[in-house]
Amino acid sequence: MSRIKIVNLLKSESPIDNVTIKGWIRTKRDSKTFSFLEINDGSCLRNIQVVVDETISNYEEIKKLTTGSAISVTGRLIASQGKGQSWEITAETVEMIHLAPESFPLQKKRHSDEFLRSIAHLRPRTNKYGAVFRIRSEMAYAVHQFFREREFRYIHTPILTGSDCEGAGEMFRVTTLGPGQTDYENDFFGKEANLTVSGQLEVEMFALSLGDVYTFGPTFRAENSNTSRHASEFWMIEPEMAFCDLSGNMDLGEEMIKFLVQFLFDNCAEDLNLFARFVDKSLMASLQNVLENKFERLLYKDAIAILEKCGENFEFPVSYGMDMQSEHERFLAEKHFKKPLIVYNFPKTIKPFYMRVNDDNETVASMDILVPRIGEIIGGSQREERLDILTARMQKTQMEKEDYWWYLESRVFGSVPHSGFGLGFERLIMMVTGITNIRDVIAFPRTPKNIDF
RNA sequence: UCCCCGGUAGCUCAAUUGGCAGAGCGGAUGGCUGUUAACCAUUAGGUUGUAGGUUCAAGUCCUACCCGGGGAGCCA
């Protein structure tokens, strides 16, 4: 008999005579003549309670079952006689699929996130991490639905790149050369190769072909950053739109974040509730805040003016021309506006070469979306479509034009205004779960000095 | 990479001024009335992160290193 997933079983509106479930024992309570087993199969947060009477043929074996063991249960789904659950299964046969030794490290009580990180291969068997990764899966699906409804095409940009700079961060070298060898002309690709830090340059080529496109894939940064918001390998969503200016770009970013939060409410209610109860008591209010408020849009120079006048005692003094520090972003989002905001038109000196220079020749058409508690969740811009200005800016940052000949040719043949942004997928998951460490929203986190599992 | 805090049983933590290394949970064994982090009893479990130093005596003080956390920079 094929198994039924617990998520579907618990939706039942009437008793069922013959059901089979398969899963892992979360906990077991023995009485003199029978045992209660709590079974979870990962299909949802909740367990199903199984009642096993001593009259069952292999009851001696059942009594020895341990937390973490895998079993198959066939029996009758009936209304529970006890409190705390509406359904339970009266077991007719229980098959032990695998007995976990008593050294199984997950206990019934709460574990610290730090400890669970050290057993990342087992932590999805906990309530909290099971919920994280179900939500992560739903959010990934929602991203594709959002774009598909708007006729965006999903482009798979390469993971391996021949560029040694894409305007964002240090890169991981990819080589088949032996230790100490640096003759890259003899290397696999005949030149230096790296892992991508962004699919943007490549996806721009498809925006200038298919119109509205996006990438959604892994991204690698070799920065030695040790924070709760950075990982060496993370997933990024990068839409890119032809014939779109900065204003349309901001519209898409705001619309997308709101769509994803609404999708979460509609499809992840049970898992979301765990985070609202146990991880962040203010989670629901802050997600409602994101959903219901128009994101404040203000010029970089106005943001600086607010920071200069606010009287807050910042560690880093505020002045026009500087990049905003975390404390400044947090003040604006959490204290001043108390809702998400979009800061745009930053000075060109602090932004990368591909951002479009504004008519003032001082600023670029860039935008950062900042949300309370998370900080920057989206960074984007209108791209520089004018060949002469683009090449001049590349020269200033000492980039090799020859390496980007293909990128520059897109500004030779039918160049058009276009815009896009990057959204950090893990930061999105942090936002919607209230989890404060990026290592806890990605299956097997890679950070400096950490690539176990 | 920089600043701050921490590392004691499988887990979460305690240990007074430098003076016998402990508890709860988990495990094992037994008991038990339909239990819900079940309950009751018994019991095992330790190179106090590593290496060195000070001292009659170090979990506790000093030095170096390793690992973890928080913050900063960089960014998504």
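Above this text sits the structure in question.
Bear in mind the structure is a predicted one, so any value in this text is a computation, not a measurement.

K.L.:
Looking at this structure, I do not really get the pairing of strand E15 (residues 375-382). What am I missing?
P.N.:
For a regular strand, side-chain orientation follows a simple rule: the groups alternate between the two sheet faces. Counting buried residues in E15 gives 6 out of 8 residues, a clear majority hidden from the surface. Inspection of the sheet shows strand E14 (residues 366-371) paired to E15 by 6 bridges, in the antiparallel sense. Note that in E15 the partner of Val-371 across the bridge is Gly-375. Between E14 and the antiparallel strand that follows it, E15, lie 3 residues; Arg-373 among them carries a positive phi value of about 80 degrees. When E15 meets strand E16 (residues 418-424), the two strands line up antiparallel, connected through 5 bridges. Its bridge partner lying in E16, Gln-382 is registered against Ser-419.

K.L.:
Mind showing me how you'd approach the protein's contact with RNA strand B here?
P.N.:
Around RNA strand B lies a shell of 50 residues, among which Lys-83, Glu-88, Arg-117, Thr-227 and Arg-427 are the nearest. A share of 50% of the atoms of RNA strand B within 4 Å of the protein falls on sugar and phosphate groups. Within the side chain of Ser-228, an N or O atom sits 3.3 Å from a phosphate oxygen of RNA strand B. The separation between a sugar or linking oxygen of RNA strand B and a polar main-chain atom of Ile-377 is 2.6 Å. Sorting the residues of the surface near RNA strand B by element identifies strand E1 (16-30), strand E2 (34-40), helix H3 (113-118), strand E11 (233-242), helix H10 (326-336), E15 and E16 as the ones contributing at least two each. A per-class count over the surface near RNA strand B returns 10 nonpolar, 21 polar and 19 charged.

The rules behind the values
Residues numbered from 1 in each chain as written. Chains lettered and ligands numbered in written order. Predicted model: local features only at pLDDT ≥ 70, side-chain atom pairs only at ≥ 80, totals over all residues. Heavy atoms only, no water. Buried < 20%, exposed > 50% of the residue type's maximum accessible area, 1.4 Å probe, protein only. Helix = DSSP H or I, 4+ residues; strand = E, 2+ residues; numbered from the N terminus. Pairing = 2+ DSSP bridges. Near = heavy atom within 4 Å. Polar contact = N/O pair within 3.5 Å; in protein donor to acceptor, adjacent residues only side chain to side chain. Nonpolar A, V, L, I, M, F, W, Y, C, P; charged D, E, K, R; others polar.

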